Amino acid sequence: FFSGACCSLGRGSSTPSHRARIPSTLLVNLTNIPLTAVALDVERATYTRRYENGEHVSARQVIYAHRVHRSLMVMELHTSNDGGSPSTLQLSWAYPYSAAGNRSSNGPSLDIHFEEVPTGNPSLVATAGPIVQTETPSSSQVQVGVCTTSVPSSISLAPGERRSMFFLTTFSTSLEEEDPAASAIALHDRFSRSSPTALRLSHVAAWRRLWRSGIEVRGNVTVAQSVNSSLYEIISSVRDDWPFGISPGGIATNAYNGHVFWDMETWIYPSFMLLHPILAHQFLDYRLERIPAAQQKASLHALNGTMFPWESAFTGVECTPWDGGKNTEGELELHIVADIAIAAFQFYRATGDRTWLINNGSKLLFGAAEFWSSRVELNSTSGLYSILSVQPPDESAGCVNNSVYTNAAVATALFMAAETKSILNDTHNPEWASLDEERWIEIASNMYIPFDEATMLHPEYDGYNGENINQADVALLQYPLQYPMSKTVATNDLSYYEEKTRKNGYFTGTLVEWPCMSHYCF
């Protein structure tokens, strides 16, 4: 999949905006020798397949996406014949644009109009073309170029022979080059002149540097494997020179259509920021580059500031799939605006980078504050501010009033925006002259937070009557919001919603709840 090359079949389509799919150039199988082992080495970021026939003939494939060179994928094929007679290995290459006689039954890309491009080199296969349909009528039609080493249909080995072959694939797009086809071919030529050993070593060295920051888990191999494989998936999906965010499904699948949700800022970002701040920086760069689209969405709703979409892709417009003519999450799941602002302030707190706060973070924080200042409603009776008609993280609740998580997140974001304005009070910026941080503080200080005095716990939203839920929103008050409450209330919230959270829901609350309880109660 290509981050940055997104296709759409139009509003209301059953196939919404999604990352453009490219047939794998490295799906190569040896067909006359058994596959005996596969392994993913997360330390070195290589995938290995081993073949053996029990008759002294073996083969080993090593596949990796180069960490240093973002446009390069490599497959090494190491073969050996330790027997006394010749042997021939048969190869099947599942690439629809390969040479006649070695075509796979798989179809071409459904998202890119690829056409073969002459290379002047019979050992190469190059294709290029535009995405089928742009994400919006006005967005650019991204062009994609691919160049790959052709794979032979067989390899003959003499007795005692050992042979290593190297197959490279290079990519380019019009997001970075005027002629992606020519660029992909030139990149292939460049990397083909490099030593295969040097390519592998530079890739492994880059990953070794990344693993200097990590999480060590001792005494439980299962947990250690889960933590490190998850971290590997995240690191594999992002680069500091390609700010296109991260989908909940990473880059290895097109889950969630490759869209960016609140998961990036709320679930992935906090720990990743501490381990890999340079990589985490690009998460916020992704949002910063899409501020104009967020401003336009707010304006269309007669609101101020930035109204980021619930699901975002290439352009930053709302990409939530339409269901029966409705787009409930895209219109109502607004807590994402506060989530992004909170992430921006977390970055400043972690790095102390005042220059970044002036030039970048302030845009996310002030945009969110202006949005919520125009979205809240004052209850003249109670004197408190409400947020009506929203969808909480527990999407099974539908449209509700005063989602406890949303209200608390908004109050948190408003306080952070006001603190940012105070930190930068000696910075002259004419665009900030109209900002009213006193109103932000007034709203945040008087935000209505649903609370039941009789049970001493927080209802998930106004009118919540104990229904089973899909996600323990209330647990999120404690982490990540760290919303102030007594130990008694914290314990009540977690114990109550542990029983109410469906075990087969989208998320269960347990993984969040008990660390929170240990923070408050032990």
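Our subject is the structure listed above.
Everything in this summary refers to the structure shown in the same document. (Residues numbered from 1 in each chain as written. Predicted model: local features only at pLDDT ≥ 70, side-chain atom pairs only at ≥ 80, totals over all residues. Heavy atoms only, no water.)

Turning our attention to the pattern of salt bridges. As enumerated under the stated definition, the model contains 17 salt bridges in all. Between R239 and D241 there is a salt bridge; the shortest N-O distance is 2.9 Å. Taking the shortest distance from any N to any O, the salt bridge between E318 and K297 comes out at 2.7 Å. Taken together, the positions of E318 in the loop between α6 (291-300) and α7 (328-332) and K297 in helix α6 put the pair 21 residues apart, joining distant regions of the chain. (Salt bridge = Lys/Arg side-chain N within 4 Å of Asp/Glu carboxyl O. Helix = DSSP H or I, 4+ residues; strand = E, 2+ residues; numbered from the N terminus.)

Before going further, it helps to examine the side chain of T136. Here T136 is to be found in the loop between β10 (124-130) and β11 (143-149). The class for T136 is buried, based on a relative accessible area of 15%. Other than its neighbours up to four places away in sequence, T136 contacts T315 and V317. (Buried < 20%, exposed > 50% of the residue type's maximum accessible area, 1.4 Å probe, protein only. Contact = heavy atoms within 4.5 Å.)

Here the focus is the sheet that holds strand β3 (residues 28-30). Hydrogen bonds between backbone groups are what pair the strands of a sheet, and the pairing can be parallel or antiparallel. Pairing is antiparallel across the open sheet formed by three strands, whose spatial order is β3-β8-β12. A single partner strand is all that each edge strand has here, and the edge strands are β3 and β12 (154-157). Strand-to-strand twist in this sheet, taken as the mean axis angle between neighbours without regard to direction, amounts to 25°. Relative to strand β8 (residues 87-93), β3 runs antiparallel, the two being bridged by three bridges. In the strand pairing of β8, L30 is matched with L91. (Pairing = 2+ DSSP bridges. Axes fitted to C-alpha atoms, helices over the stretch in contact; angles between N-to-C directions.)

Turning next to the nonpolar core. Ranked by internal contacts, the top residues of the largest apolar core, which has 94 residues, are F272, L365, W372 and M447. Non-local contacts of W372, meaning those with residues more than four positions away in its chain, are made with L334, V337, A338, I387, T406, V410 and L414. Judged by nonpolar contacts, the second largest core, of 32 residues, contains I33, L77, W93 and V151. (Core = buried A, V, L, I, M, F, W, Y, C linked by side-chain atoms within 4.5 Å.)

Tallying each qualifying case throughout the model produces 22 aromatic pairs. Between the aromatic rings of F272 and F283, the centroid separation amounts to 5.8 Å while the plane-to-plane angle is 15°, which identifies the pairing as stacked. Remark: F283 occurs in helix α5 (residues 277-289) and F272 occurs in helix α4 (residues 263-275); sequence separation between them is 11 residues. When sorted by exposure, F272 lands in the same class as F283, which is buried. Pairing F347 with W356 gives two aromatic rings, centres 4.7 Å apart and planes at 55°, and the pair type is tilted. Considered together, F347 and W356 belong to a single accessibility category, that of buried residues. (Phe/Tyr/Trp six-rings, centres within 6.5 Å; stacked < 30°, edge-to-face > 60°.)

The end-to-end C-alpha distance of helix α10 (residues 404-423) is 29 Å, a good match for the 28 Å that 20 residues give at a rise of 1.5 Å each. Among the 20 residues in α10, 16 count as buried, and that is most of the element. (Expected span 1.5 Å × (residues − 1).)

Okay, the pairing of strand β4 (residues 35-41) next. One ladder, built from six bridges, connects β4 with strand β5 (residues 46-52); its direction is antiparallel. Paired with A39 across the two strands is T48, which belongs to β5. Connecting the antiparallel pair β4 and β5 is a turn made up of four residues, with A45 showing a positive phi of about 55°.

This part covers unusual backbone geometry. Residues Y479 and P480 are joined by a peptide bond in cis, for which omega reads 15°. Along the chain, P480 falls in the loop between α11 (437-445) and α12 (487-500). A positive phi angle, close to 55°, is found at Y256, a residue other than glycine. Along the chain, the position of Y256 falls in the loop between α3 (221-237) and α4.

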